[in-house]
Amino acid sequence: MAQQRIDRLDKKILQMISQDARIPFLEVARECNVSGAAIHQRIQKLRNMGVLIGSEFIVDTYKIGYQTCAYIGIMLSDVKMFNSVVEELKKIPEVVECHYTTGKYAMFIKMYAKDNRHLLRLILDKISAIPGISGTETFQLSLDEIFHRQLSVFDVDPEVEVDENEDN
């Protein structure tokens, strides 16, 4: 297995771009006291290592009419159905996160709906209809997202080894 290290410069770059994915590389270079080319090379290295997995714009769900955010636990009739259930969940655009969990629920999902009625239709008509799902429980409806951020612990360890062959 190939291993590479993330050093202090990589961590500083990660910290800066995780706060603002649109920050110009030249600004990162100036802050890090290196050339723009060095930043490009480091970013490419981090992508190749699988540390950086893309960039994204965040859509304000309220402004596009999706005002209900729900967290739902899913029970499976057979744990062997996990992968097929995940593939079916991926087909539902309102499901934005899926986590494999321990305990009573095999997975937790986060989903958005236009309103509570729409949420009910999604649960009854789409989620519960997936073969392998034996039950769901809606835990919470989010009233408002107070903050959303990337993990920012880049200054904890001086170096971190990354296994490039490890899946996400």
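All figures in this text were calculated on a predicted structure; none of them were measured in a lab.

Now for helix H5 (residues 116-127). Taken residue by residue, H5 has His-118, Leu-119, Leu-122, Ile-123 and Ile-127 as its buried positions. Seen from one end, H5 has its buried residues packed into an arc of 135 degrees, which puts them on one side.

Contact geometry for helix H1 (residues 8-19) and helix H3 (residues 36-49): axes closest at 11 Å, N-to-C directions at 85 degrees. Classed by the angle they form, the pair H1 and H3 counts as roughly perpendicular. Within the contact between the two elements, H1 uses Leu-9, Asp-10, Ile-13, Leu-14 and Ile-17 and H3 uses Ile-39, Arg-42, Ile-43, Lys-45 and Leu-46.

With seven of its nine residues buried, strand S2 (residues 68-76) lies for the most part within the structure. The pairing of S2 with strand S4 (residues 107-113) spans seven bridges and is antiparallel. For Cys-69, the partnering residue across the bridge sits in S4 and is Tyr-112. Sheet analysis places S2 next to strand S5 (residues 133-142), joined by eight bridges and oriented antiparallel. Following the sheet pairing, Leu-76 is matched in S5 by Ile-133.

Okay, helix H4 (residues 82-90) next. Taken residue by residue, H4 has Phe-82, Val-85, Val-86 and Leu-89 as its buried positions. Here the buried residues of H4 occupy an arc of 100 degrees about the axis, which is enough to place them on one side. Contacts from the buried residues of H4 go to S2, strand S3 (95-100), S4, H5 and S5.

Here Asn-33, not a glycine, exhibits a phi torsion of approximately 60 degrees, which is positive. Position of Asn-33 among the secondary structure elements: in the loop between helix H2 (25-32) and H3. For Asn-33, a relative accessible area of 71% translates into the label exposed.

To continue, consider the packing of aromatic side chains. This structure, assessed with the given rule, holds four aromatic pairs. Relative to Phe-139, the ring of Tyr-105 has its centre 5.1 Å away and its plane inclined at 85 degrees; by these criteria the two rings are edge-to-face. Of this pair, Tyr-105 sits in the loop between S3 and S4 while Phe-139 sits in strand S5, and the two are 34 residues apart along the sequence. Residue Phe-139 is classed as partly exposed on the basis of its relative accessible area, which comes to 34%. Among the aromatic side chains, those forming a connected cluster through ring pairs are Tyr-105, Phe-108 and Phe-139.

Here the focus is the pattern of salt bridges. Under the criterion given, the structure shown has nine salt bridges. Taking the shortest distance from any N to any O, the salt bridge between Asp-7 and Arg-42 comes out at 2.8 Å. Pair noted here: Asp-7 is in the loop between strand S1 (3-6) and H1 and Arg-42 is in helix H3, with a separation of 35 residues, a long-range link. The class for Arg-42 is partly exposed, based on a relative accessible area of 22%. With a shortest N-O distance of 3.0 Å, Glu-88 and Lys-91 are connected by a salt bridge. Where salt bridges share partners, they join Asp-7, Asp-10, Arg-42 and Lys-45 into one cluster.

Rules and cut-offs
The residue numbers shown here count from 1 along each chain, following its written sequence. A pLDDT threshold of at least 70 governs which residues receive local features in this predicted model, and a stricter bar of 80 or more applies before side-chain atom pairs are shown or counted, although totals over entire chains, interfaces and linings include all residues. With hydrogens and water set aside, each side-chain value is computed from the structure's full complement of heavy atoms. Type-normalised accessible area, obtained with a 1.4 Å probe on protein chains alone, sets the label of each residue: buried when under 20%, exposed when over 50%, and partly exposed for intermediate values. Comment: elements are numbered from the N terminus, with helices defined as DSSP H or I runs of at least four residues and strands as E runs of at least two. Starting at the helix axis, one direction is taken to each C-beta atom, and the arc is that of these directions. Interaxial angle, 0 to 180 degrees, is taken between N-to-C directions of lines fitted to C-alpha atoms, where a helix line uses only the stretch in contact. Roughly parallel refers to an angle under 35 degrees, roughly antiparallel to one over 145, roughly perpendicular to one between 65 and 115, and oblique to any angle outside these ranges. Residue contacts follow a heavy-atom distance rule, with two residues in contact if any of their heavy atoms lie within 4.5 Å. A pair of strands counts as paired when DSSP detects no fewer than two bridges linking them. The pairing test for Phe, Tyr and Trp rings, Trp by its six-membered ring, is centres within 6.5 Å, and the orientation test on the planes gives stacked under 30 degrees, edge-to-face over 60, and tilted for anything in between. Only one rule defines a salt bridge in this text: a Lys or Arg side-chain nitrogen within 4 Å of an Asp or Glu carboxyl oxygen.

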